[in-house]
Structures are given as C-alpha cells and as structure tokens.
Amino acid sequence: MLPVTSFRFDPRKWLARFVAPLDGPLCLIVAAILGFATVVMVSASPERLGTLALNVCVAFAVMWVAAWIPPQRMMSIALPLYVLGVLLLVGVALFGDVSKGARRWLNIGVARIQPSELMKIAMPLMLAWYFQCREGVLRVRDFLVAGALLIVPVGLIAKQPDLGTAVLVAAAGFYVLFFAGLTWRLILPVAVVGVVGIASIVAMGDTICQPGVEWPGMREYQKHRVCTLLDPTSDPLGKGFHIIQSTIAIGSGGVFGKGWGSGTQTHLDFLPERHTDFIFAVLTEEFGLVGALFLVILYILLIFRGFFIAAGAPTLFSRLLAGALALIFFTYAFVNMGMVSGILPVVGVPLPFVSYGGTALVTLCLGVGMLMSIQRHRRRVGT
Amino acid sequence: MTGIRTPEQELARFRTRLAVAGLVSLLCFGLLAMRFFYLQVVRFDYYSTRAEDNRISLVPIVPNRGLIMDRNGTVLARNFSAYTLEITPSRVADLEGTIEALSQLVDIQPKDRRRLKKLMDESKSFESLPIRNRLSDEEVARFIAQRYRFPGVELKARLFRDYPMGSFGSHIIGYIGRINDRDLERIEDSDDAANYRGTDHIGKAGLEKSYERELHGTTGFEEVEVDSGGRAVRSLRRIPATPGNNLILTVDLKLQEVVEKAFGSRRGALVAIEPGTGGVLALVSVPTFDPNLFVDGIAPQDWDELNNSPDHPMVNRALNGAYPPGSTFKPFMALAALMSGKRTPGQAISDPGYFDFGGHHFRDDKAGGHGTVDMYRSIVHSCDTYYYRLANDMGIDLIAQTIGEFGFGSRTGIDIEGESVGVLPSPEWKKRRFKKPEQQKWYGGETISIGIGQGYNAYTMLQLAHATATVAAGGVMYKPHLVKYIESARDGSRRMIEPEPLKTIRIKPEHIETIRRAMIGVNKEGTGTRAFAGAPYLAAGKTGTAQVFSLKGAKYSSRIAERLRDHALFIAFAPADKPTIALAVLVENGGFGAESAAPIARQVLDYYLLGKLPAGIAPEYPGAEGLTGDVAGD
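A closer look at the overall build of chain B
Helix and strand counts for chain B stand at 23 helices and 23 strands. The buried share among the 634 residues of chain B stands at 44%. Considering only intrachain contacts with a sequence separation of at least 6, the fraction spanning at least 24 residues in chain B is 76%.

See the structure below:
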C-alpha cells in the first residue's frame, strides 16, 4: 500500500516541498507590503497592474530560488559577482551610454544593463565573504582592505554620476563593516562630522546655494537637489515642484487620508513619478497617517525579522549578510520616505516592495530570499 | 582594534551591534513618524488648503455686456459672437514667422500687424492678443485644419461689441476698448477687481465708460478641477454670469441723425434738452467717428487719421468745446439785469451805434445804431450798445454772480465724462487764470464786451442748452442726463432715472415772461424770422455770432479764411408757451447765426414737434429689426 501511494501525486507533499525554503514571517510581511502596494497601485496607476503581477511573479521566483541556495553557495559566487560588477562599472565608465547627463547604462548587445544595481547585492556579499575568510584572524588591515573593496565600486558609481545608488552601495558595504566590528572610534567621529556637516549646510543654505558657488566634488544638479530640499519654494515650478507637491499630498492626507482613489494630488497629475519613487505620497494622501504608520510598522517588522535571523545565523558570513540586508531594507525605506516627505534630498531610491519597477523588486526579493536561506540553513552548519 | 576573540565574544559584540542598528533604525523611523505627524496633523489645515487650491481653479464666465438703446428702442450698442485669432507672444518663438505663416491661411492686413504691435507695447507678453478679429467661417476652418503648426496661437469665440448705427451718436455712446495698464490700476484700486477677471474690454468713453458698472454685469465663475498642467478635468460648480443692464436713453437717435445730416460737412455741436426733466434729446458733435474702430484696439493708421484731422472728430464739441456765446448770451444778461434790478423791461436807451468807454468806442454791428431800444427790442434786434451799457452798469462781479446762477461756468453734471467748465469771467477767475500780476488785474473795459457774450466768455453748448432749458422750465434747473432708464437684463425690471431738480433760480415769473416774449419776437420779427418763417408752432429763439478773429474794421467777406470766420450760434425752446424742447446749436466758422445755425434749429424743432423729416432721411432704420435679432445676451 505504502509504496503505491508514494508514487501518487500528493498535493500536500508537493506544497510542503514548495514552501520548505520559505520563511513564514518574512513571507507574511512581504506579502502584506506587496498587498498594500497593489492596493495603492490600483489607485496610482491601474494600467500597470498586469506588469506588476508579472514582476511579482518573477521576483517571487528569484526569492524562492535564492532561498533554496545555501549560504555556502552564496559565498562561492560572492567574489566572481563582485569582480563582474566592478568590470561592468569600469565598462560603463569607458563605453557607457549617456542618458540625462549621466553615464549609467552599458549596452551589452542584447540589452542595456545598469551594473550599479548589481552592486547593491554584490557589495555586501563580497564583504561578508571577505570577513568570513578572515574570521578569527581579523586585523585592522582587513578593514582597510574591505574599505578599498568598498571605495572602488562606490567611486565608479558616484562618477557616473549616480549619487543615490552610490550612497546605497556604500551604505550596504558600511553595514557589513559595522557588523564585523568596525571600531566606534572611527564610526563616531564620522557620524559627528556628518551630522555637523548636514547641520551647517542647512544653516548656511542661503549662502552656499547662491548660483556660481561650486561645491567640491559635486555636480551642479546634485547641489541643486540639496538646495531645493533646503528651500523647495526657490524653484516651485522646477526642481522644487516634486517636493512641494509630495508634501502637499502627504499633509493634505491628514490622519485617515482622503480615501482610496480619492487623492486629488495623485489623480490630478500633481504628483510626479507617482507610481515609482513618489508612490509613498499617493499612499499617505489616500490612507493618511494611519496608512503611513502601518507601512512603517511593516518595514520595522521586516527589518527586525532580518535582525532576528542575523542574530540566530550560524556563520559570520550569514550573520554579516543578514544584518546588512536588513539595514539595506531600512535604508531604502527611510531614504525614500524621507525624500518624499521632504527631509532628505531627492535621490532615486525606490520605496522597497511598493514602488513600481521590476529591477528593484527583483533585487529586494533576492535579498529576502537570501535572508530566508540563512534562516533555513541556520542549523545545517554547526557552530 | 580587533584582537583575537572567542566566537562567543564575537557573537556577543555582533548582537550588541544588532541592537544598536535596531535602535538607530527605530530612531530614524521615529523621526519619519514625527515628520508625518507634523505634516498630516499639525499642518493638516495648511496642506489641505494647498491641495484644494491646487486642484480647483476658478474660471471666470464673462457676462454679456448690456445693450444701449435710444428712447425708441433703436439699438445703438450690442454684442455678437464671432471668432478671433489670438496670439500669445511669449509662447511664440518666431513671431514674425508665425504671423507670416498665418497670413497664408487667414487674411492679415498690415493694419492688423500694426495693431498687434501696438497692443504688445501696451500689454504683458503672456497675454493673448488678437491678431485678426471676426474671422469668416472659411478662415476658421482653414486655421483649425492647420492648428498644430501654430503653438501659442488660439482661436477664441468671443463676444464683440458692435455699434450698428456707426458714427451716429458716437460721442454719446463712446466705445469700449481693451483694458490697458491704467484701467487695470483703476480696477485693482476699486473693489471690482474680481468682477473683471476674464474681462478684457472696458468702457473707454461716453456712456460706455460712465455706465460701465451697469453695463458690465456680474462675472460668473465655474469651479473646475484641473491638473497641474491647468487642463480642466471636470466642472464642479457653475455660477452663471449676470448680464449687464441695458441702457435706454432719453436720446432720440432719429433726431440725432437729423442734426448730424443738417450739419453736412460743417463742424459744430448741438444739444437739445427736455425742459422740466433734464433729459437730453440730442447731443451732437460733428464731425463724428466710427466707434467700431476702437473695440479691438484701433489701428494706428485710423488713429492718426482721427487724431491729426484738422476737424478733430474725437473732440466732443458739445461737452468739451467752450465757445464764446455771442448774442445768445443777451437773454441771460437781460434776465440778470431784471433779477438784480439794474433794468426794468421798459427802460430804454438811445443807441448811437456805439458805446463810449473812456474814449474807446465799442461798436454796434449796425452802423448808426438801432435808435431807441428797450429790453424787448434789444433781444429781438440783438442790440449790442444796450448790453455794453448794461454790462458797464452791472459791473463784472454782479454779472458773474447772476449769470453763474444759470449754470454758466460750472459743470452741469451730465452722465458722461469730459465736460468742460468753460469760462465765466470774473476778477477771481482772471487771478486764477494768469500768473503775471499785470495780467491778473481786471480792467473795466474788459467788462463791456462780456455783455454781448464776447471777451473771456466761453461756454459749452451743453451749458448754453442747459441754461436755455432752465429758462424754458421757468427757472427750475434739472440735471441733464442721457439715460432714461436702466433695464435689468435678468427680469426686465426698469429703474427710471428720475428728473433731478438741481435748484430753482429766484426769478420772478413776469421776468421770464418778458424774456420769453422777446425770444418769440426774435423768430417773428427779428434775426430769426427767415429761419422760422411759416413754423406752425411758437418757437422762442436767439441768434448769436461769436467773433473768432477781430476784423479791426475791415469788411466781412467770403474771402476771409474759413477758419477765421465767426461761429454761428442759435438757442431756442418750443413750443414757447409750454416748452418740450430747448436747444443750443453752434456752427463753427458758420458766419451769422441767423444764416447757418438757426435753420438747423428749425429742422430739429420741425422733426421733434411735428415729426417732419428733412429730405433724404428715412423714417425707419432699414433692417434695424433684423439686426437686433442675433444680439447675443438678449
């Protein structure tokens, strides 16, 4: 009897095999965010629902595959992926296509690719792998090496110029260094200098934003973005328009929002990029403070689930990777919501799992899949 | 910095760092939450308003301008809907090229280009300005087919003001024109600014200007939801415009036409007033102009033509032209004498043909004089000596005071702008008028010629007609007005302009009777006899001839340049016993009043009292009924 049944198709067994690599809490959280995103997208851009569904399917597949891949396998692809990424970035710098004043795309014949996107995952993978290799014999020297590994691609991306991605990649690398035990003596002064620097820019905005004043190491449009953030009204119909309109959208949403599909800012075309970078403004206009806090709570759950996984991860590599991935999610969410609500400059960072865009969704789900894999394989490797 | 540690130590430090990361991320999200709270709760009202302002745009609905009709319902000003081609200079890269390309599709005259140029000088570059008005259906179709080629050029359906009677009565009606910077300033200073959103024309002259408030109407609004590009998405609420009120005038356009035709090519003015109401029956200034030229910005060529014409057609002579009244002044001098007790009707003088003042002879126009002259004869035969002496006896102060009673030298208060004060001579006036002390002094000799309506005397025909009407009404002065009633375009209700008695001159009825009889005598046995021969009604009148140029004893002849000839004047009221019309007429350089001014007065009275039209004037306006049919806003 038994052997016979084992040959029969058993849906439960198949389902069990299917869900085996998935992490329940992460799945629930991501599904909740994606569900919310879909609801918002119905209002913001209903014609894109079909593509969104397709993107979600692809991203889910990527996540599932990533969840199947054990951390050991990930370690083995870290270096090749990183080297490939850097080579592509060099390629971009030498032969890339220029679009909107920035050289970001590389035409590889069949398609145009943006290698900086790859670096968002390759960077933490690489650094986590490096620290794993140096486990037990970690020296100051290793942090210098890691710093160099970080600086090269970030510098290449920043030169494109794509400040947003550079910041994200740099942050991803920095998180690994941070979790690997970068000394506070280095972190704290940098943090203090950063805070003081930002504060002084805000304070002296009027002077340094004068036309003709050149900022060292920054392009004119980057200076413009920062200056527009400091005073959006200085350019109400130009660069400040986005910030002004998105803050109006958020503010006018109030506590409970204007209701689904009733966002006037959204539906009367005042919001720029309403289905991509500025979708958070749509969400808050229609669902109010309640909707915004709901999303923030979902992100906190996601990040803390990541921290939880990191805390229980068996190897240094998986710990560093899991912690960095969780903080990458945080960075995406914070930077996007910060820029849409007008406290951070406008950089091209999507709202994780909500903004429309296949590449970002795939990258993020790849990260989630990696977290799942780490969680699933936590006992396979003995400590 | 990282000495070799046990895995337990490593794990512990990692978990500490995780806790720090967790704290920092919570802190950051807390910051975001605070930002949301600030935007959505603290500043909710502000952003809510901003969002509302963003999406709702008020689109003004321009009201139809009220119509202007004469007392018989003949339409003098109306609206019709037509297409206009407008260009926004700031949105057109190559203006000349665009206009050149447009001229392939629609007929654009050099005149149109010049007008656009003028409008561009007067307005801001983002305003849309007409390049061609009143396009034909064919032109409209041609443009629509090629519209994509012309960004910044728009076809607009608009109401146009139209003056179907052309130049008849144009000095009364005035005209509308595009709102310029000065108008804009005035509008913004008034509490009417909102009402002019969307309006681009305003009354510039005449009744169109003085009754702007009545004619304009109340602007309506449509609340439209718009996107950030300003495109209307849907209409939320519509408050229709209230059309402007119609003006129905006291003026009889037929009478106006009779007068304007009677003048022929001569220049001059005539004002006819209904005594006892102050209603103006006709107010003519010739030559006239076509007000239609002004509606959409007058072409510079037309403007130059009007402005540089030696005939000055733009000057409203009836209102703004001050002329010496000549002998038409005598009845008022006589009244002043009676009122002040300086003369009695029977008191007579002997006229030697001149009046001697300090060795200087003020000559009478009749050599050898009129013999014995009492007040009646002094008016009938227009005896100058009588009035030289009277003026001398009265003195300038008394003359100024009593003559001023009749409204000479002050504005009548008629309901259109541009009225001149004229000159009522007095020592005070001279002090104000001149700067040098030697010029400021009043000389006794100057008083003498004041008595015959010469010297510094200068009055408008409106003042003269007004004074005549006051005498005709037994000394009761009514404010002259052109509008009889204002008709609400909404419900047809009428608001009458009630006759407004300004004052009653303290004058004995028998004194007025004396003057009346004398003025009847003028037309029966005096200077007006020829003009009023065979009139079936009793008309009181007085001729006048005002000197333009001193002949210094030379003989008057047709060889004297036309512009140096005397002005001919006539005042009249009729029927003399119960007057329904009083008038003053002036023919510039017309020579003797009896010859050129009196016959015009006769035609006016014949038409007004008898309905008799001079040859060549049709009793009805052909097609006038049909024209009113398509009046927009009716």
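Back to the write-up after that little detour.
A word on the overall build of chain A
Scanning chain A from terminus to terminus reveals 16 helices and 3 strands. Evaluated residue by residue, chain A yields a buried proportion of 48% over its 383 residues. Taking as baseline every contact in chain A between residues at least 6 positions apart, the subset at least 24 positions apart corresponds to 69%.

Quick word on the sheet that holds strand β22 (residues 567–574) of chain B
Residues and elements named next belong to chain B. On the basis of which strands lie adjacent, the open sheet formed by 5 strands has the order β12-β11-β23-β22-β21 and antiparallel pairing. In the strand order of this sheet, the two ends are held by β12 (280–286) and β21 (540–546), each with one partner. In this sheet, neighbouring strand axes are inclined to one another by 5° on average, regardless of whether the strands run parallel or antiparallel. Relative to strand β23 (residues 581–587), strand β11 (residues 268–273) runs antiparallel, the two sharing 6 bridges. If you follow Gly268 over to β23, its bridge partner there is Val587. On top of the sheet, helix α10 (residues 253–263) reaches β11 and β12; it is set at about 30° to β12, its chief contact. Of the strands in this sheet, β11, β12, β21, β22 and β23 touch helix α22 (residues 593–610), which is tilted by about 30° from β22.

Overview of helix α13 (residues 330–340) of chain B
Residue and element names in this part refer to chain B. Judged by how many residues are buried, α13 sits mostly within the fold: 10 of 11 residues are covered. Of the positions making up α13, those classed as buried are Lys330, Pro331, Phe332, Met333, Ala334, Leu335, Ala336, Ala337, Leu338 and Met339. Looking at the packing, one finds that the buried side of α13 touches α14 (375–380), α15 (384–394), α16 (396–404), α20 (461–472), α21 (509–525) and β21. Backbone geometry just after α13 places Gly341 at a positive phi near 75°.

Topic: the interface of chain B and chain A
Across the contact, 36 residues belong to chain B and 42 residues belong to chain A. Those elements that place two or more of their residues in the side of chain B that touches chain A are α1 (7–42), α2 (44–55) and β8 (220–226) of chain B. With 18 residues, the single largest contributor to the side of chain B that touches chain A is α1(B). By residue class, the composition of the side of chain B that touches chain A is 19 nonpolar, 8 polar and 9 charged.

Observations concerning the environment of Asn589(B)
Residue and element names in this part refer to chain B. The residue Asn589 is located in the loop between β23 and α22 in this model. A residue is classified by how many C-beta atoms lie within 10 Å of it, and Asn589, with 19 of them, is partly exposed. Asn589 sits 26 residues away from Arg563 along the chain, and the two C-alpha atoms are 5.9 Å apart. Setting aside residues no more than four positions away along its own chain, Asn589 makes contact with Val548, Glu562, Arg563, Arg565 and His567.

Quick word on the packing of helix α7 (residues 140–158) of chain A against helix α8 (residues 163–180) of chain A
Residues and elements named next belong to chain A. In contact at an axis separation of 8 Å, α7 and α8 are set at 170° when each is read in the N-to-C sense. As the angle between them shows, α7 and α8 are arranged roughly antiparallel. Here Phe143, Ala146, Leu150, Pro153, Val154, Ile157 and Ala158 of α7 lie close against α8, whose contacting residues are Leu163, Thr165, Ala166, Val169, Ala170, Gly173 and Leu177. Here the contact of α7 with α8 is composed, by residue class, of 12 nonpolar, 2 polar and no charged.

Reading the values: the criteria
- Residues numbered from 1 in each chain as written.
- Chains lettered and ligands numbered in written order.
- Predicted model: local features only at pLDDT ≥ 70, side-chain atom pairs only at ≥ 80, totals over all residues.
- Helix = DSSP H or I, 4+ residues; strand = E, 2+ residues; numbered from the N terminus.
- Buried ≥ 20, exposed ≤ 12 C-beta atoms within 10 Å, placed from the backbone.
- Contact = placed C-beta atoms within 7 Å.
- Pairing = 2+ DSSP bridges.
- Axes fitted to C-alpha atoms, helices over the stretch in contact; angles between N-to-C directions.
- Nonpolar A, V, L, I, M, F, W, Y, C, P; charged D, E, K, R; others polar.
- Parallel < 35°, antiparallel > 145°, perpendicular 65-115°, else oblique.

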